[in-house]
Amino acid sequence: MRTSQLYAPTLREVPAEAEVISHKLMLRAGMIRKAAGGLYTYLPLAWRTIKKIEQIIREEMDSAGGQEIAMPIVQPSELWKETGRWEVYGDEMFRVNDRHGREFCLGPTHEEMVTSIVRDEVRSYKQLPLMLYQIQNKYRDEIRPRFGLMRGREFIMKDLYSFDKDEEGMRVSYKKMYDAYTNIFTRCGLTFRPVEADNGAIGGGGSHEFTVLADAGESSIAYCEKCDYAASDEKAELKAIHAVQEEALPLEKVATPGTKTIALLADYLKIPVEKTIKAVAYQTETDEVVLAFVRGDHEVNEVKVLNSVGAIALRMADEAAIRAVGGEPGFMSPVGIKKGTKIVADATVMEMVNAVAGANEADAHYKNVTPKRDFGEVIVTDIRLVQEGDPCPRCGAPLKMTRGIEAGQVFMLGTKYSEALHATFLDESGKEKPLVMGCYGIGVGRTMAAAIEQNNDKDGIIWPRAIAPFEVVVVPVNAKVPEQLELAEKIYGELKAAGVDVLLDDRKERAGVKFKDCDLIGYPLRITVGPKAVEEGTIELRVRKTGETFNETKETYLAKAREILKTL
RNA sequence: CGGGGCAUAGCUCAAUUUGGUAGAGCACCUGCUUUGGGAGCAGGGGGUCGCAGGUUCAAAUCCUGUUGCUCCGACCA
């Protein structure tokens, strides 16, 4: 490929719409252009990288036993109604009607579709295990698309679905995928971490996120430096903290005017925040009120609350709903709440003695609240959000927190979808059983964005070799000088013949312009052909990542280029 | 959905407050010079000022509505 033929419109200035580095650089490097919120065109450079990432994924999926298929993007509503997700998905689903008024959606994911394919054909345990995957566009009408390709409404995703005869088989498939994912992200040259994750709305039990470490990431993970524990902030388990035991004193109501927040309360009563109990009120999708309580200095982990009450969705409760169960916004505690109200208390709270909690009336709190004695019937479990320094649930060492981009996630689904869609088979004893499923996704565009977030400097992108749009760029310093262009052409030809993915920057631009573009786009290796090459035979190799240059000859440059590429 | 901000040339922005024939830099085209880190000079092309109404002798500018984008929050398989 020649740059003079390549459609890669680079920008000197940053378009105002971009917020994060990967988005800015992809726009500036002429890789993507926006069509509408969360919808992008992939220009040639981006598409080459996408195809390289897809190829790595394909190779790893195939060698793990996966078979690639393509499924419809437009999917009939009937399937989604069978699993109930036609309603559950809500506004996030793009819906369309055909000319007859029949309902369809643009597939946000493909569990229903793939399961329906398999249920019609798989009858026997002899046909299992089966792993099918697709790399296709998926559609989610995100409330707030942002960060370029990181959170779009149309995005390229690889999804593999595994079907096994039992849970043991599913675990084997899961492990294969876990290992394949490790290979994929390693081959893409990314620094990442597999972390334990919550299954979320997709359901099932057991999940890992593959998180590419980057400050711009939307997910937060906790990890232990002492053992290998690592989990998403939603998932990170926390054991109860035992309070210093003291004698429980009798409950006492005190006036605490205007102390609607924990900070104000602790300050007013001159007590440490660790002696207070914080309340957060939620309502479920059915408007049922759920009250959650954590220690004053802790935060509530909504996902854990959600799981503890088995709800589908939670939102902050409105004041009327809080009052309806006998609570007072800003001054809530389980003490005196209407019987039958769902109350979830963090395990640490239950260890507290003589704490301060709301009195369920304005401007008043109780002193000497001892949850074990005073809370009555509550759900006790871990609902705390992990904080830096919290003890590791495995070894007790202080946890570290870092941010990352969730590039992939693997799930053990179990039989949730196969049961809903009646996808069954006959086992060895002739008994009908539901297929045991797993699903495994990778955001392809997001992986590309993550690679840029992790590999850039003030001049632009620094591609890992494996996913660079081109591995090498050959730059004649002045393409108007026939000798330089000829030599550059020769080198370009030799590299191509040697199987190197190479680009020739034959534009009749000034050297500075071409160098700036090369740095911006981020080709891992640049071979410069200037006057010195023509006159003295000196061919310059420059490594984008380090800025190192090597002076070689016509005879040695190829071997040196290969040697350098191996390290990038 | 709630709360901010923005919408003027391909890009980044000025002109809007105080109504009077729309500007700069970069990009683009032509010529000359230049040629190892986004060159110089000269000339040139390009905008119904997001859209629709209204006020006015006159609207990019004031008013109303509307659409889109963007940031914060809620949300996120």
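Structural data are supplied above this passage.
Presented here is an overview of the structure given in this document. (Residues numbered from 1 in each chain as written. Chains lettered and ligands numbered in written order. Predicted model: local features only at pLDDT ≥ 70, side-chain atom pairs only at ≥ 80, totals over all residues. Heavy atoms only, no water.)

**Quick word on the environment of isoleucine 277**
Relative to the helices and strands, isoleucine 277 resides in strand S14 (residues 277-284). Sequence spacing of isoleucine 277 and glutamate 87 is 190 residues, and the spatial spacing of their C-alpha atoms is 37 Å. Not counting chain neighbours up to four residues away, the residues in contact with isoleucine 277 comprise Ile262, Phe293, Val294, Gly296, Val349, Met352, Ala355, Val356, Ala357, Val369, Pro371 and Phe375. (Helix = DSSP H or I, 4+ residues; strand = E, 2+ residues; numbered from the N terminus. Contact = heavy atoms within 4.5 Å.)

**Structural notes on helix H7 (residues 262-269)**
For H7, the full list of buried residues reads Ile262, Leu265 and Ala266. For H7, the arc enclosing every buried residue in end-on projection is 95°, short of the 170-degree limit, so these residues lie on one face. Across H7 from its buried face, at more than 90 degrees, point the exposed residues Ala263 and Asp267. At the exit of H7 stands lysine 270, carrying a positive phi of roughly 55°. (Buried < 20%, exposed > 50% of the residue type's maximum accessible area, 1.4 Å probe, protein only. Arc of directions from axis to C-beta.)

**A word on the sheet that holds S14**
Strand pairing in a sheet relies on backbone hydrogen bonds, with the paired strands running either antiparallel or parallel. Taken in spatial order, the five strands of this open sheet run S16-S14-S15-S17-S20, and their pairing is mixed. What marks the edges here is a single partner per strand, and that holds for strand S16 (314-316) and strand S20 (379-381). Averaged over all neighbouring strand pairs, the angle between strand axes comes to 30°, with direction disregarded. Bridge count between S14 and strand S15 (residues 289-295): seven bridges; the pairing is antiparallel. Bridging from a neighbouring strand, glutamine 283 pairs with valine 289 of S15. (Pairing = 2+ DSSP bridges. Axes fitted to C-alpha atoms, helices over the stretch in contact; angles between N-to-C directions.)

**Description of the pairing of S14**
Burial of S14 is extensive: seven of the eight residues sit out of reach of the surface. As consecutive antiparallel partners, S14 and S15 are separated by four residues, and within that stretch aspartate 287 has a phi angle of approximately 70°, a positive value. Across three bridges, the pairing between S14 and S16 is antiparallel. When the sheet's bridge partners are listed, threonine 284 is paired in S16 with leucine 314.

**A closer look at the packing of aromatic side chains**
Inspection of every chain in the model, using the stated rule, returns twelve aromatic pairs. Members of the aromatic cluster, connected to one another through ring pairs, are Tyr178, Tyr181, Phe185, Phe192 and Phe210. Directly above the ring of tryptophan 86 sits arginine 95, whose terminal nitrogen or CZ lies 4.6 Å from the centroid. In this arrangement the basic side chain of arginine 526 is found over the ring face of phenylalanine 515, its NZ or CZ atom lying 3.9 Å from the centre. (Phe/Tyr/Trp six-rings, centres within 6.5 Å; stacked < 30°, edge-to-face > 60°. Lys NZ or Arg CZ within 6 Å of the ring centre and 35° of its normal.)

**A few points about the side chain of aspartate 501**
Within the secondary structure, aspartate 501 sits in the loop between helix H14 (482-497) and strand S28 (502-504). Discounting chain neighbours no more than four positions away, the residues touching aspartate 501 are Arg48, Lys52, Ala468, Pro469, Phe470, Glu471 and Val472.

**Brief notes about the packing of helix H2 (residues 44-63) against helix H6 (residues 167-187)**
Packing of H2 against H6 leaves a shortest axis separation of 9 Å and a crossing angle of 150°. Looking at the two axes, H2 sits roughly antiparallel to H6. Classified by chirality, the crossing of H6 by H2 is right-handed. The segment H2 lies against H6, with Ile56, Ile57, Glu59, Glu60 and Met61 engaging Met177, Ala180, Tyr181, Asn183, Ile184 and Arg187. Taken together, the residues of the contact of H2 with H6 sort by class into seven nonpolar, one polar and three charged. (Parallel < 35°, antiparallel > 145°, perpendicular 65-115°, else oblique. Left-handed = near helix turned anticlockwise from the far one by under 90°. Nonpolar A, V, L, I, M, F, W, Y, C, P; charged D, E, K, R; others polar.)

**Re the sheet that holds strand S27 (residues 472-476)**
Strand order in the open sheet formed by five strands is S28-S27-S29-S30-S31, and the pairing between neighbours is mixed. Among the strands making up the open sheet, the edge pair consists of S28 and strand S31 (549-552). On average, adjacent strands in this sheet sit at an angle of 20° to one another, irrespective of strand direction. Note that strand S29 (residues 525-529) and strand S30 (residues 539-543) share four bridges and pair antiparallel. Pairing of leucine 525 across the sheet is with valine 543, part of S30. Relative to the sheet, H14 contacts S27, S28, S29 and S30, its axis offset from that of S27 by approximately 165°. Against the sheet, helix H17 (residues 557-566) makes contact with S27, S29, S30 and S31, and its axis sits at roughly 5° relative to S30, the strand it touches most.

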